[in-house]
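Examining the three-dimensional arrangement
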Amino acid sequence: MLAAVLGACGGGDQDQPQSARACDRFASPGRGSVQRLADSLRPGQVGCLRDGTYRGPVTIRRAGRPGRPLTLRPQPGAQSRLVGALTVTRRAADVIVRGLYLDGRNRDDDPSPIVNGRRIVFVDNDVTNRHTAICFALGNPRFGVARDVTIQRNRIHDCGQLPATNLEQGIYVAVARDTRILGNWIYENADQGVQLYPDARGTYVAGNVIDGNGEGIIFGGAERVAANDNLVEGNVIGNSRLRSNVEFNFVGPVGQRNLLRRNCVGGGVRDSPNGGIMQPQIGFIAVANLVAQPSFRAAGDYRLARGNRCRKVLRGDPDRVPGPPLR
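In this report, we go over the structure that sits alongside the text. These figures come from a predicted structure and were not determined experimentally. (Residues numbered from 1 in each chain as written. Predicted model: local features only at pLDDT ≥ 70, side-chain atom pairs only at ≥ 80, totals over all residues. Heavy atoms only, no water.)

**Quick word on the nonpolar core**
Applicable threshold: What is meant by a nonpolar core is a set of buried Ala, Val, Leu, Ile, Met, Phe, Trp, Tyr and Cys residues, joined one to another through side-chain atoms within 4.5 Å. Buried means the residue's accessible area, taken with a 1.4 Å probe over protein chains only, is under 20% of the maximum for its type, while exposed means over 50%, and partly exposed covers the values in between. What makes two residues a contact is simply this: any of their non-hydrogen atoms within 4.5 Å.
Among the nonpolar cores identified, the biggest contains 55 residues, and Ile60, Phe122, Phe136, Leu138, Ile171 and Leu196 are the most heavily contacted of them. The contacts of Leu138, once residues within four sequence positions are left out, are Val115, Ala146, Val149, Ile151, Tyr172, Val173, Ala174, Val175, Ala176 and Thr179.

**Section: the state of the cysteines**
Stated formally: Cysteine sulfur atoms are paired as a disulfide whenever they fall within 2.5 Å. We count a stretch as a helix when DSSP gives it H or I for four or more residues in a row; a strand needs E for two or more, and each element gets its number in order from the N terminus.
Taken as a whole and judged by the stated rule, the model has 3 disulfides. Through a disulfide, Cys23 is tied to Cys48; the S-S separation comes to 2.0 Å. Here Cys23 and Cys48 share a disulfide; its torsion about the S-S bond, -80°, makes the bridge left-handed. Remark: Cys48 occurs in strand β2 (residues 46-49) and Cys23 occurs in the loop between α1 (2-9) and β1 (25-27); sequence separation between them is 25 residues. Each sulfur of the disulfide joining Cys264 and Cys310 lies 2.0 Å from the other. The sign of the -45° torsion about the S-S bond sets the Cys264-Cys310 disulfide as left-handed. Of this pair, Cys264 sits in strand β29 (residues 264-268) while Cys310 sits in the segment after β33 (301-304), placing them 46 residues apart in sequence. There is no split in this pair, since Cys264 and Cys310 are both buried. Cysteine pairing for the protein, with bonded cysteines counted in sequence order: 1-2, 3-4, 5-6.

Written out as structure tokens, the structure reads:
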């Protein structure tokens, strides 16, 4: 299975091309909701949000087709912010959410975005909830397995309640198959930056900066399921504030064929000669990782500092800023 993951991912960046179409439909603040826009789209259409702030919740139920996705994005040149819960249901497929400011705060403190669909792409977004809940939650035993979800070039930050509970993450890959987490900045989240637990299979995590979270990344399982066949490579994982940079938590079966390789790991409250990788290694294997403390250009700017040793390891462009324009 791990070989299949490597083959499918090509070991590198899986970019989603910009739609060649202009905006087909629009929403404006106060004139037509994002929900109405999402409900109106047909396969291959692009729904654009004009400049401004929109209020959720928004539930995406419709499906595009392979090569003809439904797309939600800002109108070119606009900065569009959606406040409220965003859910992609199990019925949804072939959907792209691009270039938005997603503030998932909601009155029930539910995760946002929740993703239970197939072939769903979140790319170039800024995702937060101002420390109120989990941000990305992929899959649910009751509501559906998330399949072939791509989370790429986003800024995912300030997720999870404070004081920390060890239960709220930036990205929670719960019940999911063949997830790709690529080229994101995942930072300052209350607990885990990325959690592969309890039934994450075939996940590829590459080219991300995972820094300053309560904990970096965890492999885990519970009861009768466990994280299996997950590959974490070419990331910067460091400066965790509460726990280790890499951990495991298997309650029940132990995960198989989980590989942590060629990452830059170091810094944080449990730093150690091996970079804060939890020992002994149970349910995962760590090989060829560089132990070094990441340093960055400036506070809030997670481009690696010139001369930092982690630049040799990070897959992709270490000088690229993911997401929409910084505000």
